Amino acid sequence: MGTSSDTFQFELLPYKTEPSKREQPKAGVKGDVGRFGTVVVERCPLFQPLAKGMDTARLSGPAFPETVFRGKRRSGKPSLFKAELTLAGRAAELRFNAKALKREDRVLRITYDGREYVYSSEGLGKAHVLEREGVRVTTELGRQIPPADIARAGTATGPVDAVDLAIAIVLEEVDTDVLTLAGAALSSPFALMQHFSDRAE
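What this report covers is the structure whose coordinates are included nearby. Computed from a prediction, not measured in an experiment: that's the story for all the values here. (Residues numbered from 1 in each chain as written. Predicted model: local features only at pLDDT ≥ 70, side-chain atom pairs only at ≥ 80, totals over all residues. Heavy atoms only, no water.)

## Overview of the side chain of Arg-43
- Locating Arg-43 in the fold gives a position in strand S3 (residues 38–43).
- Judged by its relative accessible area of 14%, Arg-43 is buried. (Helix = DSSP H or I, 4+ residues; strand = E, 2+ residues; numbered from the N terminus. Buried < 20%, exposed > 50% of the residue type's maximum accessible area, 1.4 Å probe, protein only.)

## Topic: the side chain of Glu-172
- Note on placement: Glu-172 falls in the loop between helix H1 (162–170) and helix H2 (181–186).
- A polar side-chain atom of Glu-172 sits 3.1 Å from a polar atom in the side chain of His-128.
- There is a polar contact of 3.0 Å between the side chain of Glu-172 and the side chain of Arg-152.
- Contacts of Glu-172, omitting those with residues within four sequence positions, involve Leu-12, Lys-77, Tyr-119, His-128, Thr-139 and Arg-152. (Polar contact = N/O pair within 3.5 Å; in protein donor to acceptor, adjacent residues only side chain to side chain. Contact = heavy atoms within 4.5 Å.)

## Describing the pattern of salt bridges
- Summed over the entire model, instances satisfying the criterion amount to 16 salt bridges.
- A salt bridge links Lys-26 to Glu-23; the shortest N-O distance between them is 3.0 Å.
- When its relative accessible area of 23% is taken as the criterion, Lys-26 is described as partly exposed.
- Judged by its relative accessible area of 46%, Glu-23 is partly exposed.
- Where Arg-73 meets Asp-55, a salt bridge forms, and the shortest distance between an N and an O atom there is 2.6 Å. Of this pair, Arg-73 sits in strand S5 (residues 67–74) while Asp-55 sits in strand S4 (residues 54–60), placing them 18 residues apart in sequence.
- Exposure remark for Asp-55: the relative accessible area of 3% places this residue in the buried category.
- One network of salt bridges, in which partners are shared, links Arg-43, Arg-152, Glu-172 and Glu-173. (Salt bridge = Lys/Arg side-chain N within 4 Å of Asp/Glu carboxyl O.)

## Some thoughts on the environment of Leu-94
- The residue Leu-94 is located in strand S8 (residues 90–96) in this model.
- Owing to a relative accessible area of 23%, Leu-94 belongs among the partly exposed residues under this scheme.
- Sequence-wise, Leu-94 and Arg-109 are 15 residues apart; in three dimensions their C-alpha atoms are separated by 5.7 Å.
- In contact with Leu-94, other than residues within four places in its own chain, are Phe-69, Ala-83, Glu-84, Leu-85, Leu-108, Arg-109 and Ile-110.

## Here's the deal with unusual backbone geometry
- Going from Pro-146 to Pro-147, the amide bond is cis rather than trans, its omega being 0°.
- A positive phi angle, near 45°, is found at Ser-75, a position not held by glycine.
- Of note, Ser-75 is situated in the loop between S5 and strand S6 (77–78).
- Unusually for a residue other than glycine, Asp-113 sits at a positive phi of about 55°.
- Residue placement: Asp-113 occurs in the loop between strand S9 (108–112) and strand S10 (115–121).
- Assessed through its relative accessible area of 52%, Asp-113 is described here as exposed.

## Comments concerning the nonpolar core
- Ranked by internal contacts, the top residues of the largest apolar core, which has 39 residues, are Ile-110 and Leu-165.
- When residues of this core are traced back to their parent elements, those giving at least two are strand S1 (7–16), S3, S4, strand S7 (84–87), S9, S10, strand S12 (135–145) and H1.
- Looking at which element gives the most residues to this core, the answer is H1, with eight residues.
- Setting aside residues up to four positions removed in sequence, Leu-165 forms contacts with Phe-8, Phe-10, Val-33, Phe-36, Phe-64, Val-137, Ala-156 and Val-160. (Core = buried A, V, L, I, M, F, W, Y, C linked by side-chain atoms within 4.5 Å.)

## Side note on the packing of aromatic side chains
- Scanning all chains against the criterion turns up three aromatic pairs.
- Measuring from ring centre to ring centre gives 6.3 Å for Phe-8 and Phe-36, while their planes differ by 35°; the resulting arrangement is tilted. Of this pair, Phe-8 sits in strand S1 while Phe-36 sits in the loop between strand S2 (27–32) and S3; the two residues are 28 residues apart in sequence, bridging distant segments of the chain. Comparing Phe-8 with Phe-36, the two get one shared label, buried. (Phe/Tyr/Trp six-rings, centres within 6.5 Å; stacked < 30°, edge-to-face > 60°.)

Dropping the structure here:
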C-alpha cells in the first residue's frame, strides 16, 4: 500500500437533517477520506426513550466496515460509559480508567482483531489521537463553517487502513470529554450519579 511514511489529510463536515414524518432527524459528520472515499457517521440527536439512556453513533461508507458505537447518552451523544464498539459485526474490547488522575493514564484502550489501540485527548476542544504500532490518526478542530459549525481536520500517518480510520472517525461523534482531566472534573457530578444509577440497576 505504500511506505510507512504515508501521510494524508482529510476533512469531516458536520451535518444535520430535519425530522420528517417518516424519519427521525440525524446529525453527525461526513467527508472524503483519501483513497478510502466517502464516510458518514450518523446519530439521532433526539432523546430515544426506548433506548434506556443509551445512544448510538453508526459509521458507514463503501470502503469501511460498518462501525457502531453505543454508550450512555451524554450531551446529546453516546459517551464512554457502558460503551460498546462493533466493527463488521465483531465486538472490540474497550478499557478505560475513569479514576486515573494523570492524563497519560486517562486513555481509552481498544483491542480489535489482534490490534491494540490507544485513543487519547490532548485537552477539551483539542486534538484526539488514535494510535497503534506504526499508525496514528489525529483529528482536531478545523475551519469555521458558517453560521456556527466547525469542520474536523484529520491527519493519518503510517500504513493506515479502513479499520483504523473507522474507529478514529466514529469516536468523533462520541462524548470523550472524560479523557481529559478538565472534562472529568466537569462531569464528576455526572460520574457520581452514573455510579449510583449503575449500582441501582
